[in-house]
Amino acid sequence: MDNKLEHQCVICGEQKSEGEGIRIISGFICEPCEMEMVRTDVRDDKYPFFIHQMKQIFLEKNA
């Protein structure tokens, strides 16, 4: 049985094991979302969505 902790990605909302992404403060970003984020141009329509989702990590920390 695999005892890896599951975390919900702040970008896509999917549950992933801890080894499948990165932790930022109390948040988690899965590897596929991380890869998409770093390849997204600032002029892309999805860029503001990523910024909004990332802000949720810092809002939770300061709440």
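Note that the structure is a prediction, hence the values are computed from the model and not measured. (Residues numbered from 1 in each chain as written. Predicted model: local features only at pLDDT ≥ 70, side-chain atom pairs only at ≥ 80, totals over all residues. Heavy atoms only, no water.)

A.B. asks: I would appreciate a short explanation of the packing of aromatic side chains in the present structure.
C.D. replies: Any two aromatic rings considered together are summarised by their centre-to-centre distance and by the angle between their planes. For the coordinates displayed, the defined rule picks out 1 aromatic pair. For the pair Phe 49 and Phe 50, a centre-to-centre distance of 5.9 Å together with 55 degrees between the ring planes defines the contact as tilted. (Phe/Tyr/Trp six-rings, centres within 6.5 Å; stacked < 30°, edge-to-face > 60°.)

A.B. asks: Just checking my understanding: could you explain the nonpolar core for this structure?
C.D. replies: Note on soluble globular proteins: their nonpolar side chains tend to be buried together. With 10 residues, the main nonpolar core is built from Cys 9, Val 10, Ile 11, Phe 28, Ile 29, Cys 30, Cys 33, Phe 50, Met 54 and Ile 57. Once you skip the residues sitting within four places of it in the chain, Val 10 turns out to touch Gly 27, Phe 28, Ile 29, Gln 53 and Ile 57. (Core = buried A, V, L, I, M, F, W, Y, C linked by side-chain atoms within 4.5 Å. Buried < 20%, exposed > 50% of the residue type's maximum accessible area, 1.4 Å probe, protein only. Contact = heavy atoms within 4.5 Å.)

A.B. asks: Explanation requested: the pairing of strand E4 (residues 27-30) in the structure shown.
C.D. replies: Each regular strand carries side chains that alternate between the two faces of the sheet. Across the two faces of E4 the burial is the same, with Gly 27 and Ile 29 and Phe 28 and Cys 30 all buried. Bridge analysis of strand E3 (residues 21-24) against E4 gives 4 bridges, and the strand direction is antiparallel. Bridged to Ile 24 within E4 is Gly 27. Between E3 and E4, which pair antiparallel and follow one another directly, the connecting turn spans 2 residues, one of which, Ile 25, has a positive phi of 55 degrees. (Helix = DSSP H or I, 4+ residues; strand = E, 2+ residues; numbered from the N terminus. Pairing = 2+ DSSP bridges.)

A.B. asks: Whenever I open this one, the side chain of Gln 53 confuses me. Can you help?
C.D. replies: With respect to the helices, strands and loops of the structure, Gln 53 is situated in helix H2 (residues 47-62). Not counting residues within four places of it along the chain, the set of residues in contact with Gln 53 comprises Val 10 and Ile 11.

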